[in-house]
2 protein chains.
Amino acid sequence: MNAAMTLVEVTRGPAVESRHAGAVAVVDAEGAVVFSLGDVTRPTFARSSVKALQALPLVESGAAELFGLSDVELALTCASHGGEPEHVATAAGVLARLGLDADALECGAHWPLNDAAARALAASGAGPSALHNNCSGKHAGFLCLACALEVDPRGYVAPDHRVQREVTAALEGTMAARLDDAATGVDGCGVPTYALPLATIARGFARFGSGVGLEPVRAGAARRLMEAAWSAPFQIAGSGRFDTEAMQLLAGAVFVKVGAEGVHGAALPELGLGIALKIEDGASRASEAAMAATLLRMLKPAGEAGDFLARRAERPLRNWAGVEVGVVRATAALSG
Amino acid sequence: MNAAMTLVEVTRGPAVESRHAGAVAVVDAEGAVVFSLGDVTRPTFARSSVKALQALPLVESGAAELFGLSDVELALTCASHGGEPEHVATAAGVLARLGLDADALECGAHWPLNDAAARALAASGAGPSALHNNCSGKHAGFLCLACALEVDPRGYVAPDHRVQREVTAALEGTMAARLDDAATGVDGCGVPTYALPLATIARGFARFGSGVGLEPVRAGAARRLMEAAWSAPFQIAGSGRFDTEAMQLLAGAVFVKVGAEGVHGAALPELGLGIALKIEDGASRASEAAMAATLLRMLKPAGEAGDFLARRAERPLRNWAGVEVGVVRATAALSG
């Protein structure tokens, strides 16, 4: 086990210019490690990779049904979206259903992650609101849960608020892990995030995807959220984004979700497996290539899906004039 | 010597979330290594860290004098600028002096690296031109050189064009290294970039800064470029950028220049030393923290300059709501 194995390298001309170390775990619902590279026992903040797990109480509690959330809306509750107009409209629609608006969101405002959307917003003369925050869908879901539970939604990001207690319990149940001993940080959007071994996070995805080991209501909620994402993959991320395109091509076979700081998680329901990986330095260009290579290795899909994953596992790097100057590629250790 | 020593870590709450490995070399003009961490012999693409060395022929040839380049204009020829209006105007002014415009630039167009400038440009209804490219000043300098040499400027980015032959010779002379055996790539802006040991790049900065070992005309040109940068540090990078603020506070003591993919170089003329560092994964948040810590270690400046470097060597990480959730900090190995 090497804690700092190179998973992705970046070439320029004939040479390797940069290297991304990391670890990856592929685990079944019982926790058996099917494939791994690097140290999969080191605590790793799961960040937004587990947004779908954080959305489980929204469905399990009946809140999603109570407020009539559509597939598009449910998919957004699991999203790290680009702040494109469709994402913003979906989040605003959920809040309106609750009689709330952007002021109720406690995630903070930032310019859309999608560059074109940010420039279009600037060109319109407006600035960003909390609706543009990549987590606005998750937070709209938290507000639905608070309203359904008939608790004061204010302060819903705090660890001791009823909403986060429900969310933490769902994470614990799905990952079959205790979180009270885990290192706890504050996520980019204000909610708690926990540091757990990659193998534990991967097991959580295996259970989430297969339902194995989960109570029937939780297994059903997980299935409902995956089906929403497969039905509306644009909501999960956005234009040109890996998670969106992967689920467009591999609906049913893969639920996949990026997190900040180089974390990426996936459930492979048909194989009963979960994947969690972390790029040591937090780079998303590397976590994406590593996830593409891992999905290729585990699924070996034919046709368009296979071509897509291969293109993302080894991606040309072009300079400003459009000339190909190198590649970002998963290393042989990962590609097999 | 550990090829992958952690130079910078990113914390969240009580835990380290991400780690950046790398290497740093501090070398004198004779090539003696004064301080190093990691493997400083591994070939490393110098990228834009050596833009000031690439600008030497512009001054040595008399082209800068012929076209009456000001300090502001000369500083821009060494810059990786943010595409802010002042940068764009300066580059356009140099081209106008030559009877040329943005069409003569072969660096390609991209949106300003400075987010506010990009949004303001979008809000104006315009798009980016090659003048907004962070390398437009360097390329304007190449065009000055071509015009002064009375050669056809077209194709000035090619390795066998007279301009790049002059530039390559200046790099070789300053670094006291042969480049014909070095791995060669195409830089982001289209010109050749060479992979050299960090210790060799650092020695180049030591010679550039001190003039030791250089012919008088080259030593004078180096001095002229550094003084231009100290006189107009905004041109070198831009609003809030490390290189700009460091040279505002440490004019005379430090010439410092970032490059893509986690490279950072500096000359310390008063100490006769050069610094070159590379973050393995290419992250600029880490190369900046590592350079700040290295400058702090070597210079130990008092007052505002010391405070600035300390703040950049350990920088708070805030979430979207403005809450401090962790830090980006140079490790003890570097901070000493």
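Just so it is clear, the structure is predicted and the values come from calculations on it, not from any experiment.

Novice: Whenever I open this one, the overall build of chain A confuses me. Can you help?
Specialist: A count of helical and extended segments in chain A gives 15 helices and 11 strands. Expected size for 336 residues packed as a compact globule is a radius of gyration near 20 Å; at 19 Å, chain A falls within 12% of this value. Counting over 336 residues, chain A shows a buried share of 61%. Sequence separation of 24 or more characterises 63% of the internal contacts of chain A that already satisfy a separation of 6 or more. Summed over all atoms, the accessible surface of chain A reaches about 11500 Å², with 52% contributed by carbon and sulfur. With 28 positive and 36 negative side-chain charges, chain A shows a spacing of 4 Å between the two charge centroids.

Novice: What exactly am I supposed to notice about the interface of chain B and chain A here?
Specialist: Interfaces are often described in size by the accessible area the parts lose on coming together. Listed per partner, the contact involves 42 residues of chain B and 42 residues of chain A. The largest per-residue losses of area from chain B upon contact with chain A belong to Arg12(B), Arg119(B) and Trp320(B), which jointly make up 21% of the total buried on that side. Where chain B touches chain A, the interface holds 4 salt bridges. In this structure, Glu17(B) engages Arg47(A) in a salt bridge whose closest nitrogen and oxygen atoms are separated by 3.0 Å. Inspection of the region where chain B meets chain A yields 20 residue pairs in polar contact (both at pLDDT 80 or more). Among the secondary structure elements, those contributing two or more residues to the side of chain B that touches chain A are strand S1 (5-12), strand S2 (15-28), helix H6 (115-123) and strand S5 (184-186) of chain B. Broken down by element, the residue count for the side of chain B that touches chain A peaks at 5 residues, all from S2(B). Among the residues forming the side of chain B that touches chain A, the class breakdown is 16 nonpolar, 14 polar and 12 charged.

Novice: Looking at this structure, how should I read the sheet that holds strand S6 (residues 192-197) of chain B?
Specialist: Think of a sheet as strands paired side by side through backbone hydrogen bonds, with each pair either parallel or antiparallel. Residues and elements named next belong to chain B. Ordered in space as S4-S6-S5, the 3 strands form an open sheet in which the pairing is antiparallel. Either end of the sheet is taken by a strand with one partner, and the two such strands are strand S4 (43-45) and S5. Taken over all neighbouring pairs, the strand axes of this sheet differ in orientation by 35° on average, direction set aside. Pairing between S5 and S6: 3 bridges, direction antiparallel. Residue Thr184 lies in a different strand from S6, and its bridge partner there is Tyr194. Sitting on the sheet, helix H9 (residues 198-210) touches S4 and S6, and the angle it makes with S6 is about 105°.

Novice: I tried to follow the confidence of the model for chain A on my own but got confused; where do I start?
Specialist: Atomic detail in the predicted coordinates should be set aside for any region of low pLDDT. Looking at chain A as a whole, the pLDDT averages 97, with 99% of positions reaching at least 70. Among the scores for the predicted complex, ipTM is 0.96 and pTM is 0.97.

Novice: Would you take a moment to explain the packing of helix H13 (residues 284-299) of chain B against helix H14 (residues 303-313) of chain B for this structure?
Specialist: When two helices pack together, their arrangement is given by the angle between their axes and by how far apart the axes lie. Residue and element names in this part refer to chain B. As a packed pair, H13 and H14 sit with axes 7 Å apart at the nearest point and diverge in direction by 140°. Classified by the interaxial angle, the pair formed by H13 and H14 is oblique. Between H13 and H14 lies a crossing whose hand is left-handed. Taking contact as the criterion, the partners of Glu288, Ala289, Ala292, Ala293, Leu295 and Leu296 in H13 are, on H14, Gly306, Leu309, Ala310, Arg312 and Ala313. For the contact of H13 with H14, the class distribution of residues is 8 nonpolar, 1 polar and 2 charged.

Novice: Explanation requested: unusual backbone geometry in the structure shown.
Specialist: If a residue is not glycine, its phi is most likely negative; likewise, a peptide bond is most likely trans. Residues and elements named next belong to chain B. A positive phi is found at Arg47, a non-glycine position, where the angle reads about 50°. With respect to the element layout, Arg47 can be found in the loop between S4 and helix H1 (51-54). Using a relative accessible area of 5% as the deciding quantity, one classes Arg47 as buried. Located in the positive-phi region is Glu150, a residue other than glycine, with phi close to 55°. With respect to the helices and strands, Glu150 occurs in the loop between helix H7 (136-148) and helix H8 (162-175). Overall, Glu150 belongs to the exposed group, its relative accessible area being 74%.

Novice: Sorry, what's going on with the relation of the copies chain B and chain A here?
Specialist: To go from the first copy of the chain to the second, apply a rotation about an axis and then a shift along the same axis. When chain B is brought onto chain A, the operation consists of a screw motion whose angular component is 180° and whose axial shift is 0.0 Å, with 0.0 Å RMSD remaining. The two molecules are tied by a two-fold rotation axis, judged by turn and shift. Distance from the rotation axis, computed per C-alpha, reaches its smallest value in chain B at Ala123(B): 1.8 Å. Looking at chain B, 100% of its interface residues are interface residues in chain A too, so the copies touch through the same face.

Novice: Sorry, what's going on with the environment of Leu171(B) here?
Specialist: Residues and elements named next belong to chain B. Following the sequence through the fold, Leu171 ends up in helix H8. Between the C-alpha atoms of Leu171 and Glu106, which are 65 residues apart in sequence, the distance is 21 Å. Setting aside chain neighbours within four positions, we find Leu171 in contact with Val50, Leu53, Gln54, Leu179 and Tyr194.

Novice: How do you make sense of the pattern of salt bridges when you look at a structure like this?
Specialist: Opposite charge on two side chains permits them to pair, given that their charged atoms come into close proximity. Residue and element names in this part refer to chain A. Going through the model one piece at a time under the given rule, you end up with 34 salt bridges over all chains. The residue Glu280 makes a salt bridge to Arg42 at a minimum N-O spacing of 2.8 Å. Here Glu280, found in the loop between strand S9 (273-279) and helix H13 (284-299), pairs with Arg42, found in the loop between strand S3 (33-37) and strand S4 (43-45); they are 238 residues apart in sequence, far enough to count as distant. Using a relative accessible area of 13% as the deciding quantity, one classes Glu280 as buried.

Novice: Quick question: what am I supposed to make of helix H9 (residues 198-210) of chain A here?
Specialist: It helps to recall that an α-helix has 3.6 residues per turn; residues three or four apart then point in one direction. Residue and element names in this part refer to chain A. Helix length check: H9, at 13 residues, gives a terminal C-alpha distance of 18 Å against a target of 18 Å (1.5 Å per residue), a fit within 8%. For H9, the tally of buried residues reaches 10 of 13 residues, placing the bulk of the element in the interior. One or two residues past the end of H9 sits Gly211, with phi positive at roughly 80°.

Novice: Quick question: what am I supposed to make of the sheet that holds strand S5 (residues 184-186) of chain A here?
Specialist: All names here are of chain A. Pairing in this open sheet of 3 strands is antiparallel, and the strands run S4-S6-S5 from one edge to the other. This sheet does not close on itself; its edge strands, each paired only once, are S4 and S5. With strand direction ignored, the average angle separating the axes of adjacent strands in the sheet is 35°. Set on the sheet, H9 makes contact with S4 and strand S6 (192-197); between it and S6 the angle comes to about 105°.

Novice: Would you explain the pairing of strand S8 (residues 263-268) of chain A in this entry?
Specialist: Sheet faces and side chains relate simply in a regular strand, where the side chains alternate between the two faces. Residues and elements named next belong to chain A. The buried count for S8 comes to 6 of 6 residues, which makes it a mostly enclosed element. Residues Val263, Gly265 and Ala267 of S8 are buried on one face, and the alternating residues His264, Ala266 and Leu268, pointing to the opposite face, are buried as well. Connecting strand S7 (residues 255-259) to the antiparallel partner S8 that follows it, the hairpin turn spans 3 residues, and Glu261 within it adopts a positive phi of roughly 60°. Both S8 and S9 contribute to a ladder of 6 bridges, which runs antiparallel. From the neighbouring strand, His264 faces S9, where its bridge partner is Leu277.

Definitions and cut-offs
- Residues numbered from 1 in each chain as written.
- Chains lettered and ligands numbered in written order.
- Predicted model: local features only at pLDDT ≥ 70, side-chain atom pairs only at ≥ 80, totals over all residues.
- Heavy atoms only, no water.
- Helix = DSSP H or I, 4+ residues; strand = E, 2+ residues; numbered from the N terminus.
- Rg over C-alpha atoms; globule rule 2.2 N^0.38 Å.
- Buried < 20%, exposed > 50% of the residue type's maximum accessible area, 1.4 Å probe, protein only.
- Contact = heavy atoms within 4.5 Å.
- Areas by Shrake-Rupley, 256 points an atom, 1.4 Å probe, with all protein chains shown as cover.
- Lys, Arg positive; Asp, Glu negative; His and termini not counted.
- Charge placed at Lys NZ, Arg CZ, Asp CG, Glu CD.
- Buried area = accessible area lost by both parts, 1.4 Å probe.
- Salt bridge = Lys/Arg side-chain N within 4 Å of Asp/Glu carboxyl O.
- Polar contact = N/O pair within 3.5 Å; in protein donor to acceptor, adjacent residues only side chain to side chain.
- Nonpolar A, V, L, I, M, F, W, Y, C, P; charged D, E, K, R; others polar.
- Pairing = 2+ DSSP bridges.
- Axes fitted to C-alpha atoms, helices over the stretch in contact; angles between N-to-C directions.
- pLDDT = per-residue confidence, 0-100.
- Parallel < 35°, antiparallel > 145°, perpendicular 65-115°, else oblique.
- Left-handed = near helix turned anticlockwise from the far one by under 90°.
- Least-squares fit on C-alpha atoms with pLDDT ≥ 70 in both.
- Expected span 1.5 Å × (residues − 1).

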